[in-house]
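# Chain and residue survey
Here is how the chains run, residue by residue.
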Amino acid sequence: MPKWEGKLEKVDEFRWRIPKDYKKGMRVPGLIYADEGMIRQVIDDQAPEQVANVAFLPGIVGSSLAMPDIHWGYGFAIGGVAAMRVSDGVVSPGGVGFDINCGVRIMRTNLTREEVTPKIKELIDALFYAVPSGLGSKGKIKLRSGEIDEVLIKGSRWAVERGYGRPEDLETTEESGEIKGTDPQRVSGRAKERGIPQLGTLGSGNHFLEVAVVDEIYEPEAAEVMGMNRVGQVMLYVHCGSRGLGHQVADDYIKEMVRAMPKYGIEVPDRQLACVPVDSPEGKNYLGAMRCAANYAWANRQCITHWVREAFCRVMGMSESDAGLQLIYDVTHNIAKIEDHEVGGKKEKLCVHRKGATRAFPAGHPDIPQKYLKIGQPILIPGDMGRASYVLVGTEQAMKETFGSTCHGAGRLRSRSAMKKQLSGRDVLAALEARGITIRAGSMSGLAEEAPEAYKDVGDVVRVAHGAGISKKVARTRPIAVVKG
Amino acid sequence: MKKFEFIEHTSDIGLMAYGKTLAEAFANAAGGMFSIIAELDSVGEAESRRVEVCADDIEGLLFEWLNSLLYYFDVETLLFSRFDITEFEDTRLVAVCHGEKYDSSRHRLKTGVKSATYHMLEVDRENNQVRVIFDI
């Protein structure tokens, strides 16, 4: 893919603008969060063109935003945030992506690295067997006829009622793991058929389970509130999404919107940006179905959490409460949400698309858990398998600039085929083992594709998000063992 | 003649597929997609499915065709290795797809495909070739 050669203006150390006059049809400018070093990577492919294309969409306000982990996606760039007025703007399934409510959660433990390391091989094997992962894997949950609709309506609460996890897990999940406004009738039979056998599975690609260790704390007070008390403390991550159900919902509605666009007089520069008015029947149907898929993903992560806890306690030979296995938080990074934001000094209802971007609400915001009201919403930024992940909190600055949003991960730098040419799965495994990271993977070629070298350094991404003030660093963790789907 | 080749994309995988006819290019695109998912050499033809898809235009038909096949993989873990397209129009195609249910003892899976996307999707009638980017 050729280098991008469009118009780009440096705003300050962390911000770059694509002016509105770069392309006829842009309704707002583009704004990319990056520093000097990163922006060179960003223009290496066509991601900025995608940022400009999103600025075409009706009702978009502020700027078409790109978080520092931006990379070339399909339609929207990954790391994109776009807010549209509900009154006259659009919703676009491409602005959410195929893996609706792909997201990540982190659990704390009372244990230290020294206590867990002697059993790490046993632990990672136990996690690998407890959680079905990899391509073609089937879940072990049997749903009653029609029960899938309950999953779609209740999300995490369905899982907790079925005995997967604890009621307090719901308090520390974005939207309590149960986003309202679902409409299971708008989810096709095909989507449900795909979702039923896959409930309670991790999937493949970049999805993972990780045993990590806190290795630096930047904001001790906020970390303490989250139960991250000390360096060396063991944490557990779960990263996955809505599986085939979400993919089918996205397919179904992209098709429907391509068909409906002419009726609303909407033209887009890329069909993958297909969209309809938020308030139209098609828009409402999509949002109703998308929320179902989001709840499916939350139920999925909740079931997996339960098995992770069971496996962890069994291997460590202790009870859940002795192990201190509390869910710190669960965030979604592929979603569209109706939220109130200030636009030009006026409160406005917006449809905020976050595609590879995380909500970053500040302290005092009514939508965040009571527990975190004083520190701001926890934000989880998983990095690659070899380096680090970060826990951040949301800020006022994010509310002002990015509709309460920040980055979601490291962001890909090199293509899958480029990685496979350079490295074999065995090379990656050996390199990680040499760094003290134990890996269990469903597929060796998948491992090569997901090698640390495929990604930007998550530390750079977080430095920009922190430097620009759209979130604040709280702690960093390092992986000690990973199950790769 | 080359059936298909992959094109570089930072986060996902792109595919160009060719044919003597457009129908053949569609069949080769499907073959290319399943070769992302699995090592196809070991996939036999014990099962077949008749697949019929409709769309509003030829680009939509390609999107629908590939995504319909992913449905069979998700629901029945069917890996397809050969595609006979028996009827082919701009807005409708019928195919008999041959393959096998995934068996971990004999088949090697590679990379999961979430969906075909519309991004850069192209159907070139003159040269009987198609381009599609998959979400991985």
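Figured I'd write up the structure that's included with this text. These figures come from a predicted structure and were not determined experimentally. (Residues numbered from 1 in each chain as written. Chains lettered and ligands numbered in written order. Predicted model: local features only at pLDDT ≥ 70, side-chain atom pairs only at ≥ 80, totals over all residues. Heavy atoms only, no water.)

### Here's the deal with the overall build of chain B
Across its full length, chain B carries two helices and eight strands. Relative to the 2.2 N^0.38 estimate, which gives 14 Å for 136 residues, the radius of gyration of chain B is 14 Å and therefore close to what a compact globule would have. Expressed as a percentage of the 136 residues in chain B, the buried residues total 62%. Total accessible area on chain B stands at roughly 5200 Å², and carbon and sulfur atoms take up 44% of it. Looking at charge distribution, chain B has the averaged site of its 14 positive side-chain charges lying 5 Å from that of its 25 negative ones. (Helix = DSSP H or I, 4+ residues; strand = E, 2+ residues; numbered from the N terminus. Rg over C-alpha atoms; globule rule 2.2 N^0.38 Å. Buried < 20%, exposed > 50% of the residue type's maximum accessible area, 1.4 Å probe, protein only. Areas by Shrake-Rupley, 256 points an atom, 1.4 Å probe, with all protein chains shown as cover. Lys, Arg positive; Asp, Glu negative; His and termini not counted. Charge placed at Lys NZ, Arg CZ, Asp CG, Glu CD.)

### Focus: the overall build of chain A
Scanning chain A for helices and strands turns up 17 helices and 19 strands. Taking 485 residues into account, the globule formula puts the C-alpha radius of gyration at 23 Å, and chain A, at 21 Å, falls close to it. Overall, the C-alpha framework of chain A stretches about 60 × 55 × 50 Å when taken along its three principal axes. Residues classed as buried in chain A amount to 67% of the 485 residues present. Taking contacts inside chain A between residues at least 6 apart in sequence as the whole, the part at least 24 apart equals 76%. Here chain A has roughly 16000 Å² of accessible surface; of this, 49% comes from carbon and sulfur atoms. (Contact = heavy atoms within 4.5 Å.)

### Quick word on empty space enclosed by the protein
The tally for this structure, following the rule as stated, stands at three cavities of 30 Å³ or more. Of the voids in this model, the largest cavity is the one considered here, and its volume is about 520 Å³. In this structure, the largest cavity is lined by 33 residues; those nearest its centre are Ile78(A), Asn206(A), His239(A), His408(A) and Tyr455(A). Broken down by secondary-structure element, the contributors of at least two residues to the lining of the largest cavity are β4 (60-74), β8 (208-217) and β19 (472-484) of chain A. Split by residue class, the lining of the largest cavity holds eleven nonpolar, eleven polar and eleven charged. Listed by contribution, the elements that provide at least two residues to the lining of the second largest cavity are α10 (243-260) of chain A together with α2 (58-76) of chain B. Considered class by class, the residues forming the lining of the second largest cavity number five nonpolar, twelve polar and five charged. (1 Å grid on protein atoms, 1.4 Å probe; cavity = no way out; pocket = protein on both sides within 12 Å on 5 of 7 lines; lining within 4 Å. Points joined across faces, edges and corners; volume = space filled by probe spheres on them. Nonpolar A, V, L, I, M, F, W, Y, C, P; charged D, E, K, R; others polar.)

### Here's the deal with the side chain of His408(A)
All names here are of chain A. You can see His408 is positioned in the loop between β17 (405-406) and α14 (416-422). Of note is the side chain of His408, whose polar atom sits 2.6 Å from the side chain of Asp69. Engagement of the side chain of His408 in a polar contact is seen with the backbone oxygen of Gly356, the distance being 3.0 Å. Beyond its immediate stretch of four places on either side in the chain, His408 contacts Asp69, Ile78, His333, Gly356, Ala357, Thr358, Leu380, Ile381 and Pro382. (Polar contact = N/O pair within 3.5 Å; in protein donor to acceptor, adjacent residues only side chain to side chain.)

### A look at the sheet that holds strand β3 (residues 47-54) of chain B
All names here are of chain B. Taken in spatial order, the three strands of this open sheet run β3-β5-β4, and their pairing is antiparallel. Of all strands in the sheet, those bounded by a partner on one side alone are β3 and β4 (78-88). Strand-to-strand twist of the sheet, defined as the mean angle between neighbouring strand axes without regard to direction, takes the value 25°. Direction of pairing for β3 relative to strand β5 (residues 92-101): antiparallel, over a ladder of eight bridges. The residue of β5 that forms the bridge with Arg49 is Cys97. Contacts from α2 reach β3, β4 and β5, with the element oriented near 145° to β3. (Pairing = 2+ DSSP bridges. Axes fitted to C-alpha atoms, helices over the stretch in contact; angles between N-to-C directions.)

### Let's talk about the sheet that holds strand β2 (residues 15-18) of chain A
All names here are of chain A. Pairing is mixed across the open sheet formed by seven strands, whose spatial order is β1-β2-β3-β4-β5-β13-β12. In this open sheet, the two strands that pair with only one neighbour each are β1 (9-12) and β12 (334-343). The sheet shows a mean angle of 30° between the axes of neighbouring strands, direction not considered. Looking at chain direction, β4 and strand β5 (residues 76-85) are connected through six bridges and run antiparallel. Note on β5: the bridge partner recorded for Tyr74 is Phe76. Those strands touched by helix α2 (residues 47-54) are β2, β3 (30-33), β4 and β5, and its axis lies near 155° from that of β4.

### A short note on the interface of chain A and chain B
Taken together, the contact between chain A and chain B spans 44 residues of the former and 34 residues of the latter. Between chain A and chain B, roughly 3400 Å² of surface is buried when both sides are summed, and carbon and sulfur atoms account for 51% of that area. In terms of surface lost to chain B, no three residues of chain A exceed Trp72(A), Leu135(A) and Arg271(A), which account for 19% of the buried area on that side. Between the two partners, chain A and chain B, sit five salt bridges. (Buried area = accessible area lost by both parts, 1.4 Å probe. Salt bridge = Lys/Arg side-chain N within 4 Å of Asp/Glu carboxyl O.)

### Concerning the environment of Val213(A)
Residue and element names in this part refer to chain A. Looking at the secondary structure, you find Val213 in strand β8. The exposure class of Val213 is buried, given its relative accessible area of 5%. As a C-alpha pair, Val213 and Val116 span 97 residues in sequence and 10.0 Å in three-dimensional space. Leave out the neighbours within four places in its chain, and Val213 touches Arg113, Gly232, Gln233, Val234, Arg476, Thr477, Arg478 and Ile480.

### Points about the packing of aromatic side chains
Residue and element names in this part refer to chain B. The tally for this structure, following the rule as stated, stands at 17 aromatic pairs over all chains. Here the aromatic rings of Tyr71 and Tyr72 are separated by 5.3 Å at their centres, their planes lie at 80°, and the arrangement is edge-to-face. According to the relative accessible area criterion, Tyr71 is buried, its value standing at 9%. With relative accessibility at 12%, the residue Tyr72 sits in the buried group. (Phe/Tyr/Trp six-rings, centres within 6.5 Å; stacked < 30°, edge-to-face > 60°.)

### Describing the packing of helix α1 (residues 22-37) of chain B against α2(B)
Residues and elements named next belong to chain B. Direction vectors running N to C along α1 and α2 enclose 40°, while the axes themselves pass 11 Å from each other. Considering the relative orientation of α1 and α2, their crossing is right-handed. Mapping the contact onto sequence places Leu22, Phe26, Ala27, Ala29, Ala30, Met33, Phe34 and Ile37 in α1 and Ile58, Leu61, Leu62, Trp65, Leu66, Leu69, Leu70 and Phe73 in α2. Along the lines of polarity and charge, the residues of the contact of α1 with α2 split into 16 nonpolar, no polar and no charged. (Left-handed = near helix turned anticlockwise from the far one by under 90°.)

### Quick look at the state of the cysteines
Residue and element names in this part refer to chain A. According to the stated counting rule, one finds zero disulfides over all chains in the structure shown. Cys240 takes part in no disulfide bond, and the closest cysteine sulfur, belonging to Cys102, lies 7.5 Å away. Cys407 forms no disulfide, and the closest cysteine sulfur to it belongs to Cys102, at a distance of 15 Å. (Disulfide = S-S within 2.5 Å.)

### Comments concerning the pattern of salt bridges
The tally for this structure, following the rule as stated, stands at 62 salt bridges over all chains. The closest approach of N and O atoms between Arg194(A) and Asp74(B), which form a salt bridge, is 2.8 Å. Note that Arg194(A) is positioned in helix α8 (residues 189-195) and Asp74(B) in helix α2, a pairing that runs across two chains. Residues Arg194(A) and Asp74(B) agree in their burial class; the two are buried. Residues Asp90(B) and Arg125(B) are paired through a salt bridge, measuring 3.0 Å at the closest nitrogen-oxygen approach. Here the residue Asp90(B) occupies a position in the loop between β4 and β5, and Arg125(B) occupies one in the loop between β7 (122-124) and β8 (129-135), the gap between them amounting to 35 residues. Residue classification places Asp90(B) among the partly exposed residues on the basis of a relative accessible area of 35%. Here the salt bridges do not stand alone but share partners, grouping Arg144(A), Glu147(A), Glu150(A), Lys154(A), Arg157(A), Glu161(A), Arg162(A), Glu178(A) and Lys180(A) into one network.

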